[in-house]
Amino acid sequence: INVTTAEQVVGAIESQKKTGYRAVKLYEGLTPEIYRAAVEAAKERDMQVWTHTPAGMTVADVIALGVDSIEHFEDVEEYVFTPTGDEGEKAGYFDRWANADPDKLRELADASAANGVWHSPTFAVIAKRDEYGSATDGCFARPEAGYIGPGIADWWRGSGARMGEYTEQKQAARDQQLALAKMLYDRGAPLLIGTDTPNPFVVAGFAIHDELAMFRRAGIPVADVLKIATAEAARFLGEEGQWGVVTEGARADLVLLDADPHDDLSTLRRPIGVMVNGHWRERAELQAELDALSERHAAAAAEAASGE
């Protein structure tokens, strides 16, 4: 919903509330005046605020407002980088992250903890862009490639050509992002697992395993990575104890494994079966549905190719 005044954004949020939504997501195009009005309106209606950093504000400003969650470490690189000279002013996204001021990173982590602001880094979208940006075919060689719809696949192939080579600078930026996640964890600032699908190379469903692996790579213990992905997600939504835990009275959505994920998170990719919405689904049944999906996508791609 596009708005141009504070009055419009309040009306938009009221409409969302009446529709039954429990949260609003705010984007970077809002002015500071409209953004602050939106946050206030959402809080007055007991709605959560999930957000990017708006133009004319810093991520520190947003954290100070006590929003509920910040997505993608949005605009952190702008805040933690101090440009010096003309070259500094021209520094791009990866340069700013790679040369982040550690004191400013710690400042953001402390402020997030103090204000109870959650972060969803969505490492999966960033990491996969790096991994496949200059080698797109690698993405389509993965076992789950068959589950990518033809339209999405075409978009991803085109995107890969524009992303460029993976460089040491990009790796340094990624290391800084992982370091921030660990700082947040160490200081008690809450974290969320997210993937930002269907952005390039982020395969719906399967990408959550990539995200879990990145949290582990950040140095967060496996037990807490699993907790973030389950019980902490429930706590974020105000539904603590209802799901994300195995206990009497909780929602019985369960994953059954043949190995302990504390030893190897990748075992989560190979469940024996799942209990979802009160129905038991065995691995063979799930795989049959995935195979059928892959066949439909292949047929659609072939039909599109024959019509060109």
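For the structure itself, look to the data block above.
Colleague: Describe the layout of surface pockets, and please don't skip the residues or the numbers.
Modeller: Any space left empty among the atoms is revealed by the rolling of a water-sized probe across them. Taken as a whole, the second largest pocket spans an internal volume of roughly 360 Å³. His72, Tyr93, Val125, Ile126 and Arg129 are, among the 19 residues lining the second largest pocket, the residues nearest its centre. Secondary-structure elements contributing two or more residues to the lining of the second largest pocket are α6 (93-98) and α8 (123-132). Ranked by residue count, the leading element in the lining of the second largest pocket is α8, at four residues. Partitioning the lining of the second largest pocket into residue classes produces seven nonpolar, five polar and seven charged.

Colleague: Any chance you could break down the pattern of salt bridges for me, citing the residues and the numbers?
Modeller: Within this structure, the stated rule accounts for 16 salt bridges. One salt bridge in this structure joins aspartate 210 and arginine 142, with 3.3 Å as the shortest N-O distance. Of the two residues, aspartate 210 sits in helix α12 (residues 207-217) while arginine 142 sits in the loop between α9 (136-140) and α10 (150-160), which places them 68 residues apart along the sequence. The buried category is assigned to aspartate 210, whose relative accessible area is 10%. Residue class for arginine 142 comes out buried when judged on its relative accessible area of 14%. The salt bridge partner of glutamate 285 is arginine 281, with a shortest N-O separation of 2.9 Å. Taking the relative accessible area as the measure of exposure, arginine 281 reaches 19% and is therefore buried. Ionic contacts of the salt-bridge type, sharing partners, join the residues Glu14, Lys18, Glu44 and Arg45 into one network.

Colleague: Break down the sheet that holds strand β3 (residues 69-71) for me, with residues and values.
Modeller: Neighbouring strands of a sheet are bound in pairs by backbone hydrogen bonds; such pairs are parallel or else antiparallel. Pairing in this open sheet of four strands is parallel, and the strands run β1-β2-β3-β4 from one edge to the other. Of all strands in the sheet, those with a lone pairing partner are β1 (23-26) and β4 (118-120), marking the two edges. The sheet shows a mean angle of 25° between the axes of neighbouring strands, taken without regard to direction. Inspection of the sheet shows strand β2 (residues 48-51) paired to β3 by two bridges, in the parallel sense. Across the sheet, residue threonine 51 finds its bridge partner in β3, namely isoleucine 70.

Colleague: Tell me about the pairing of β2, and name the residues and values.
Modeller: The sheet contact formed by β1 and β2 spans four bridges and is parallel. In the sheet register, leucine 26 faces β2, and the bridge partner there is threonine 51. Remark: the β1/helix α2 (residues 32-44)/β2 crossover connection has right-handed handedness. In this fold, β2 hands off to helix α3 (residues 59-64), which returns the chain to β3; that crossover is right-handed.

Colleague: How would you explain the sheet that holds strand β6 (residues 273-276) if you had to name every residue and give the values?
Modeller: Overall, antiparallel pairing links the three strands, which are arranged β5-β6-β7 in an open sheet. Each edge of the open sheet is held by one strand with a lone partner, namely β5 (254-256) and β7 (279-282). Looking at each pair of strands side by side, their axes are set apart by 15° on average, direction ignored. In this structure, β5 lies alongside β6, joined through three bridges in antiparallel fashion. Pairing of leucine 256 across the sheet is with glycine 273, part of β6. Lying on the sheet, helix α15 (residues 283-306) is in contact with β6 and β7; it crosses β7 at an angle near 75°.

Colleague: Can you tell me about the side chain of aspartate 75, naming the residues and giving the values?
Modeller: Tracing the chain through its elements places aspartate 75 in the loop between β3 and α4 (76-80). Although aspartate 75 lies buried, it forms no salt bridge, and the closest oppositely charged side chain, arginine 96, sits 8.2 Å away as judged by the N-O distance. Among residues more than four places away in sequence, those in contact with aspartate 75 are Thr53, Met57, Thr58 and Val59.

The rules behind each value
- Residues numbered from 1 in each chain as written.
- Predicted model: local features only at pLDDT ≥ 70, side-chain atom pairs only at ≥ 80, totals over all residues.
- Heavy atoms only, no water.
- 1 Å grid on protein atoms, 1.4 Å probe; cavity = no way out; pocket = protein on both sides within 12 Å on 5 of 7 lines; lining within 4 Å.
- Points joined across faces, edges and corners; volume = space filled by probe spheres on them.
- Helix = DSSP H or I, 4+ residues; strand = E, 2+ residues; numbered from the N terminus.
- Nonpolar A, V, L, I, M, F, W, Y, C, P; charged D, E, K, R; others polar.
- Salt bridge = Lys/Arg side-chain N within 4 Å of Asp/Glu carboxyl O.
- Buried < 20%, exposed > 50% of the residue type's maximum accessible area, 1.4 Å probe, protein only.
- Pairing = 2+ DSSP bridges.
- Axes fitted to C-alpha atoms, helices over the stretch in contact; angles between N-to-C directions.
- Right-handed = clockwise from strand over helix to strand, strands pointing away.
- Contact = heavy atoms within 4.5 Å.
- Lys, Arg positive; Asp, Glu negative; His and termini not counted.

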